[in-house]
Every structure is written in structure tokens, then in C-alpha cells.
Amino acid sequence: MDALTIDIRPAEIEDCVDVSDVHKQAWTYTYNGLLPHITLRQMFERRNVSWWKRAITGSANVMVVDVGGEVAGYTTFGVNRVRNLSQEGEIYELYLRPEFMGIGLGRKLFTESRRYLNSLDHRGCVVWCLQDNQSAVNFYEALGGQQIAIGHEVFDEKEFGKIAYAWS
């Protein structure tokens, strides 16, 4: 019997096609019917393989979870973009392929992202999610996130509420 390996590691240039595919699958699964169709289409066009290649080889922090040689998900993170919040780090994105959701990989990616932010001396962490994305709300609350702020995003002239969750 072969052992299945799970590895969380920094994304490499060779991962850009897979990360782009994870992004498209996760956004389709999560936001289809929630966000306007044109918004999704434009996001997929913008976040194409070339965009991910630049992100991975640039200054962005991108980590992937590799399951048996397949990129099952990714996370991006760095300095908190909202300066009036006390948390120094922020997880910008955390997405998994739909077939890998609900088995603990998101928790592992989250934990590793926080560990990396701490290694950069970014104390505390914030994550924003759409309030209508109930699976994300449940996920971050199960991880012990405390709601600290609310805001909004506009997609195709439609306003959506968002919630900031924080950890010290």
C-alpha cells in the first residue's frame, strides 16, 4: 500500500497552472449564484495563469497544499491592508478544490499561513469574507476567529457585506 503525502509548501512557478485552476474551481463552487456571473467571468480572465506566474515569482506569499502530487488548494497572505486594525498579518485568500473541502486541509493551510506570518513578526491575523458565504463564516468561526469589523465589497455595481475575523 502506498502512503498518501500531504505537503504544505511555498508555491513554485510550476504550480501556476494548478493554482489558477484551483482558483477557478473554488470560485465557481463558492460564488456561483452569489456573485454576478459577469464578476466571476472577469475574475477568471484577470486571474489567469500569467497573473499567477507573476504572483508566485514576485513578492506575494503564496502557499499550496499538495496532496499526493496534486495541488489541492492555496493561500495568499501578508501585511494587513487595513491599517486601523491592530492585527499586523492578513490572510488574503484561502481556497481549495471542491473535492478537497471538509477534510481538514483548509485548517492546515490556515495554520501554516499563521505560522509563516508569525515568523515574519506579523502579530495577530485578520481574514475578510463575504457575510453571505456561510461556509467561510462557519470555517473562520470554527477556527476561533472573532468578528472585529464589517465592511462591503462592490461587484458589478452590487454591494455585498463582508466580515473581518481576527486572531491574536
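The structure contained in this document is the topic of the report that follows. (Residues numbered from 1 in each chain as written. Predicted model: local features only at pLDDT ≥ 70, side-chain atom pairs only at ≥ 80, totals over all residues. Heavy atoms only, no water.)

1. Here's the deal with the pairing of strand β3 (residues 70-79)
Taken residue by residue, a regular strand's side chains alternate between the two faces of the sheet. Spelled out, the test is: When a residue's accessible area, from a 1.4 Å probe over protein chains only, is under 20% of the maximum for its type it is buried; when over 50% it is exposed; and in between it is partly exposed. Numbering goes from the N terminus for both helices and strands, where a helix is a DSSP run of H or I of at least four residues and a strand is a run of E of at least two. For two strands to count as paired, DSSP must find a minimum of two bridges between them.
Burial within β3 is extensive, with eight of its ten residues counted as buried. Relative to β3, strand β2 (residues 61-67) runs antiparallel, the two sharing seven bridges. Pairing of M63 across the sheet is with T75, part of β3. In this structure, the hairpin formed by β2 and β3 is closed by a connection of two residues, where G68 is found at a positive phi of approximately 60°.

2. Let's talk about the packing of aromatic side chains
Our working rule: Any Phe, Tyr or Trp ring, taking Trp's six-membered ring, that has another such ring centre within 6.5 Å forms a pair; planes under 30 degrees apart are called stacked, those over 60 apart edge-to-face, and the others tilted. Placement of a charge over a ring requires the Lys NZ or Arg CZ to be within 6 Å of the ring centre, with the centre-to-atom vector within 35 degrees of the ring normal.
Under the counting rule described, the total for this entry stands at 13 aromatic pairs. Ring centres 5.4 Å apart and planes at 65° place the aromatic pair F77 and Y116 in the edge-to-face group. Linking F77 in strand β3 with Y116 in helix α4 (residues 105-119), this pair joins segments that are 39 residues apart in sequence. Exposure remark for F77: the relative accessible area of 3% places this residue in the buried category. Grouping aromatic residues by their ring pairs yields a cluster made of W27, Y31, W51, W52, Y74 and Y95. When the ring centre of W51 is taken as reference, the NZ or CZ atom of R47 above it lies at 4.0 Å. Over the ring of W128 we find K162, and its NZ or CZ is 4.7 Å from the ring centre.

Taken by themselves, the reported measurements are silent on function.
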